[in-house]
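Listed below are the residues making up each chain.
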Amino acid sequence: MTIIELREKLKNREISSLEITKNYLEKIKKEDKKIHSFLDVYKEDAIEMAKRADKILEQNSSPHPLCGIPCVVKDNILIKGHIATAGSKILENYIAPYDATVIKRLKEAGVVFLGKTNLDEFAMGSSTENSAFGPTRNPNDLNRVPGGSSGGSAAAVRADFCVFALGSDTGGSIRQPASFCGVVGLKPTYGSVSRYGLIAMASSLDVIGPITKTVDDAKIVFEAIRGRDPMDSTSFDFVSPKNIKKIKDLKIAILKEGTSEDVDQFLKESILKLKEDLKDRVLIIDIVSIPSLKYALPTYYIIMASEASTNLARFDGIRYGKSVSSKECLDIFNFYIKTRGRFLGPEVKRRIMLGAYSLSAGYYDEFYSRACLIQKKIILDFKRLFSKFDLLLLPTSPSPPFKLGEKVDDPIQMYLSDIFTVPVNLAQLPAISIPFAKKDDLPFGLQIVGPKYSEDKIFNFARFIMNSKHLFEFGE
Amino acid sequence: MDISHILRLARLELGKKEKIKIEREFSNILNFVKKLQELNFKEKEVYGDVKKINIFREDEVVELNQEEKKLLENCIPESKDGYLKIKKIL
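These lines cover the structure that appears in this document, whether it is placed above or below.

Criteria and thresholds
- Counting starts from 1 at the beginning of each chain's written sequence and moves along it residue by residue.
- Just so you know, chain letters begin at A and ligand numbers begin at 1, following the order they were written in.
- In keeping with the predicted nature of the model, local features appear solely for residues at pLDDT of at least 70, side-chain atom pairs appear and are counted solely at 80 or more, and the whole-chain, interface and lining totals rest on all residues.
- Working from all heavy atoms in the structure, the side-chain values ignore hydrogens and water.
- Whether two residues touch is decided by their heavy atoms; if any such pair falls within 4.5 Å, the residues are in contact.
- Here the buried area means the combined drop in accessible surface, using a 1.4 Å probe, for two parts upon being joined, counting both sides.
- A pairing counts as a salt bridge when a side-chain nitrogen of Lys or Arg comes within 4 Å of a carboxyl oxygen of Asp or Glu.
- In protein, a polar contact means a hydrogen-donor-capable atom and an acceptor-capable atom, both N or O and within 3.5 Å, with residues adjacent in sequence counting only if both atoms are side-chain atoms; elsewhere, any N or O pair within 3.5 Å suffices.
- In this text, helices come from DSSP runs of H or I with a minimum length of four residues, and strands from runs of E with a minimum of two, each type numbered from the N-terminal end.
- Note that Gly is not counted as nonpolar here; it falls among the polar residues with everything else outside the nonpolar set of Ala, Val, Leu, Ile, Met, Phe, Trp, Tyr, Cys and Pro and the charged set of Asp, Glu, Lys and Arg.
- Only protein chains enter the area calculation, which uses a 1.4 Å probe; residues under 20% of their type maximum are buried, those over 50% are exposed, and those in between are partly exposed.
- Should DSSP find at least two bridges between two strands, the strands are taken to pair.
- The handedness of a crossover follows from its direction of travel: if, with the strands pointing away from the viewer, the path from the first strand over the helix to the second runs clockwise, the crossover is right-handed.
- Working convention: axes come from line fits to C-alpha atoms, limited for helices to the stretch in contact. Angles between N-to-C directions cover 0 to 180 degrees.
- Should an angle fall under 35 degrees it is called roughly parallel, over 145 degrees roughly antiparallel, and 65 to 115 degrees roughly perpendicular, with every other angle called oblique.
- For a helix, the expected span equals 1.5 Å multiplied by the residue count minus one.
- Candidates for patches are residues over 30% relative accessible area with no salt bridge; among them, like charges are joined within 9 Å and nonpolar side chains (Val, Leu, Ile, Met, Phe, Trp, Tyr) within 5 Å.
- Where accessible areas are quoted, they stem from the Shrake-Rupley method and a 1.4 Å probe; at the residue level, only the protein chains shown are allowed to cover.
- Among buried residues, the Ala, Val, Leu, Ile, Met, Phe, Trp, Tyr and Cys ones that are joined through side-chain atoms within 4.5 Å form a nonpolar core.
- Classification of ring pairs uses Phe, Tyr and Trp, with its six-membered ring standing for Trp, and accepts pairs whose centres are within 6.5 Å; under 30 degrees between planes counts as stacked, over 60 as edge-to-face, and the remaining range as tilted.
- The rule for a charge over a ring is simple: NZ of Lys or CZ of Arg within 6 Å of the ring centre, and within 35 degrees of the ring normal.

Notes on the interface of chain A and chain B
For step 1, the next point in the chain: Counting from both sides, the interface comprises 57 residues of chain A and, opposite them, 49 residues of chain B.
For step 2, the next point in the chain: Carbon and sulfur atoms make up 72% of the surface buried where chain A meets chain B, a total of about 5,000 Å² over both sides.
For step 3, the next point in the chain: Counting the surface chain A buries against chain B, the share from its top three residues, Tyr295(A), Met353(A) and Leu373(A), is 13%.
For step 4, the next point in the chain: Counting the contacts that link chain A with chain B gives 5 salt bridges.
For step 5, the next point in the chain: In this structure, the salt-bridge partner of Arg350(A) is Glu25(B), at a minimum N-O distance of 2.7 Å.
For step 6, the next point in the chain: The interface formed by chain A and chain B contains 12 residue pairs in polar contact (both at pLDDT 80 or more).
For step 7, the next point in the chain: Secondary-structure elements contributing two or more residues to the side of chain A that touches chain B are α9 (296-311), α10 (332-343), α11 (346-358), α12 (365-388) and α13 (411-416) of chain A.
For step 8, the next point in the chain: Its residues assigned to classes, the side of chain A that touches chain B comprises 33 nonpolar, 9 polar and 15 charged.

Right, here's the structure in full:
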């Protein structure tokens, strides 16, 4: 069920929040064993929240659009009094002492939290196989990964264990799993949603966003969580530009690199066919190239790893999280390296090392400074593109969901699955992934990118594409 | 390559087997990001575009209630009388 459908039913008293919450809890209990999208299910708390929501719905004639709607939350976002592991052994027993700002806002709206979802450790990965608590499986095909790092959230939405989910996106972690699971994922403009209470990976790139079944639902959740927060100095008050262009007045660019030979043949053909189908429906549609994008992935890896190595320095075993027994250590340095060595996973270690290396004396200019310069170049290239076009279309991922274990031993292959999502984070732009084409029951996502603050334009166009599916027949 | 220095900077201790594996993976990753060295462009081309501003707030002491204090204290692996307990640092 979608937010809009359930809201109607709640309004007309066809169903109560308590009933739907119980239904979901029952379904999760029965069916999540084979998918493993949850790390924690709030059996009792969810019931309490649903009862409270039903009271509000009874007394208030115009409740918040999300009142009584059950959702799930990626386990790197803090919910007060509940465990937040970030998919890591080092936080296995960590109980969040406060609510993230997004959670506070959803609580005020009357949302029901069903539990926390699985993710790659500290959101580092593209398959959810890096979770210290075991992988999540793709509901479309249990032998395949759901994508990552918000794989648990995307799988839970796809399997209908909830109405919507929250994820976080640093280099594609909302959009790529949304693409792999066949659902909608929005990565908002950087800073439009507060990061307070999100366990940090790369602070200049991280953003929280919704994973939903429809574009309209993504808009409702985005509007509920966005806005300035004094606890995050990079957040701002979001003002939607007035006068959103009509579809027929849009100038659409299709990324040339998104139809190269590295992209799945079927997906490539589907995008080229979309171009033909759109020709008479929009003002301009053209194929454009952004040559600097070929450097986006290495640039991203240096900037993200540098920030991650700094952010994760806090996991020293002293203030929170797990630690080795101080009795087995000679001194405090020994205590740090043993604690981190034992409780952090391999991908986290690799990224911390890359970051420490990129920031170290002698390599800083060659790696970190250079990456920051190239980031600026990529930002400028996007600006140039959006001075001529309204929106950019490209694949979310170059391939359909891959098999479990297929890439887990080859970090570089895994990194390449984010090739079309990381440039958007580097440029701090908004983007959505929507289910677009299907082959052998495996979904492909289409990514729609716009200039900063253009979420409404993106929603409009995304809705048009999803509602016009009958116009575009891509193997469904 | 020898990664001992990087491990020291990263505050990580690895087991013998793990070290051999990560050593190999890490040099692949370095080769991958070294792709950036091949790009030639004028720095002028990309400078002077970004405006940066500082955002400040008052540094105020926030009083926590008992429940919040308890939640915070529960996070600490080793504590004594409400203080963190750590190894000698001097």
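From this point, the narrative continues.
Some remarks on the pairing of strand β3 (residues 112-117) of chain A
All names here are of chain A.
For step 1, the next point in the chain: With 6 of 6 residues buried, β3 lies mostly within the body of the structure.
For step 2, the next point in the chain: The pairing of strand β1 (residues 38-41) with β3 spans 3 bridges and is classified as antiparallel. By the bridge assignment for β3, Asp 40 is matched with Lys 116.
For step 3, the next point in the chain: Judged from the 5 bridges that link them, strand β2 (residues 70-74) and β3 form a sheet pairing that is parallel. For Cys 71, the partnering residue across the bridge sits in β3 and is Phe 113.
For step 4, the next point in the chain: Where the polypeptide runs from β2 across helix α4 (residues 101-109) and back to β3, its parallel neighbour, the crossover connection is right-handed.

Focus: the packing of helix α1 (residues 3-11) of chain A against helix α7 (residues 215-225) of chain A
Residue and element names in this part refer to chain A.
For step 1, the next point in the chain: In the contact formed by α1 and α7, the axes pass within 8 Å of each other and the chain directions differ by 75°. Of the possible angle classes, the one that applies to α1 and α7 is roughly perpendicular. On α7, the residues touching Ile 3, Ile 4 and Arg 7 of α1 are Asp 216, Asp 217, Ile 220 and Val 221.

Re helix α15 (residues 455-467) of chain A
For step 1, the next point in the chain: For α15(A), built from 13 residues, the straight-helix expectation of 18 Å at 1.5 Å per residue is met to within 8% by its first-to-last C-alpha distance of 18 Å.
For step 2, the next point in the chain: Looking only at α15(A), the buried set comprises Glu455(A), Asp456(A), Lys457(A), Ile458(A), Phe459(A), Phe461(A), Ala462(A), Phe464(A) and Ile465(A).

A look at unusual backbone geometry
Residues and elements named next belong to chain A.
For step 1, the next point in the chain: Geometrically, the link from Gly 148 to Ser 149 is a cis peptide bond, its omega value of 10° lying close to zero.
For step 2, the next point in the chain: Relative to the elements of secondary structure, Ser 149 occurs in the loop between β3 and α5 (151-158).
For step 3, the next point in the chain: Positive phi values are uncommon outside glycine, yet Phe 122 reaches one of about 50°.
For step 4, the next point in the chain: Within the fold, Phe 122 resides in the loop between β3 and α5.
For step 5, the next point in the chain: Since its relative accessible area comes to 3%, Phe 122 is described here as buried.
For step 6, the next point in the chain: Phi is positive for Asp 441, which is not a glycine, with a value near 70°.

A short note on a nonpolar patch on the surface
Residues and elements named next belong to chain B.
For step 1, the next point in the chain: On the surface, a nonpolar cluster with roughly 480 Å² of combined accessible area is contributed by Leu 84, Ile 86, Ile 89 and Leu 90.
For step 2, the next point in the chain: Following the sequence through the fold, Ile 89 ends up in the segment after β2 (83-84).
For step 3, the next point in the chain: When its relative accessible area of 62% is taken as the criterion, Ile 89 is described as exposed.

As for α4(A)
Side chains three or four residues apart in an α-helix point the same way, a direct result of the helix having 3.6 residues per turn.
All names here are of chain A.
For step 1, the next point in the chain: Among all positions in α4, only Thr 101, Val 102, Ile 103, Leu 106 and Ala 109 are buried.
For step 2, the next point in the chain: Buried-residue contacts for α4 involve β2, β3, β4 (164-169), β6 (207-212) and α7.
For step 3, the next point in the chain: Immediately downstream of α4, the backbone of Gly 110 shows phi near 95°, a positive value.

A look at the sheet that holds β4(A)
One key point about sheets: their strands pair by backbone hydrogen bonds, in either a parallel or an antiparallel sense.
All names here are of chain A.
For step 1, the next point in the chain: Overall, mixed pairing links the 11 strands, which are arranged β1-β3-β2-β4-β6-β5-β10-β11-β9-β7-β8 in an open sheet. Whereas interior strands pair on both sides, the edge strands pair on one side only; in this sheet they are β1 and β8 (284-288). Across the sheet, the mean angle from the axis of one strand to that of its neighbour is 25°, orientation sign disregarded.
For step 2, the next point in the chain: Bridge count between strand β7 (residues 251-255) and strand β9 (residues 391-395): 3 bridges; the pairing is parallel. Paired with Ile 254 across the strands is Leu 393, a residue of β9.
For step 3, the next point in the chain: Sheet strands in contact with helix α8 (residues 265-278) are β7, β8, β9, β10 (431-439) and β11 (442-449), and its direction is about 110° off that of β10.

Here we look at the nonpolar core
For step 1, the next point in the chain: Counting residues in each nonpolar core, the largest one holds 173 residues, and the members touching the most others are Leu66(A), Phe113(A), Phe122(A), Leu392(A), Ile432(A), Ile448(A) and Phe461(A).
For step 2, the next point in the chain: Residues in contact with Leu66(A), not counting those within four places in the same chain, are Ile3(A), Leu106(A), Ala109(A), Gly110(A), Val111(A), Phe164(A), Ile220(A), Val221(A) and Ala224(A).

Structural notes on the packing of aromatic side chains
For step 1, the next point in the chain: Inspection of every chain in the model, using the stated rule, returns 22 aromatic pairs over all chains.
For step 2, the next point in the chain: Here the aromatic rings of Tyr415(A) and Phe32(B) are separated by 6.5 Å at their centres, their planes lie at 50°, and the arrangement is tilted. Here the residue Tyr415(A) occupies a position in helix α13, and Phe32(B) occupies one in helix α2 (residues 16-33), the pair thus bridging two chains.
For step 3, the next point in the chain: Of the residues examined, Tyr415(A) reaches a relative accessible area of 2% and is grouped as buried.
For step 4, the next point in the chain: Judged by relative accessible area, which is 15%, Phe32(B) ranks as buried.
For step 5, the next point in the chain: Taken together through their ring pairs, the aromatic side chains of Phe222(A), Phe236(A), Phe238(A), Tyr453(A) and Phe459(A) make up a single cluster.
For step 6, the next point in the chain: Its end group placed over the ring of Phe333(A), Arg8(B) keeps NZ or CZ at 4.5 Å from the ring centre.

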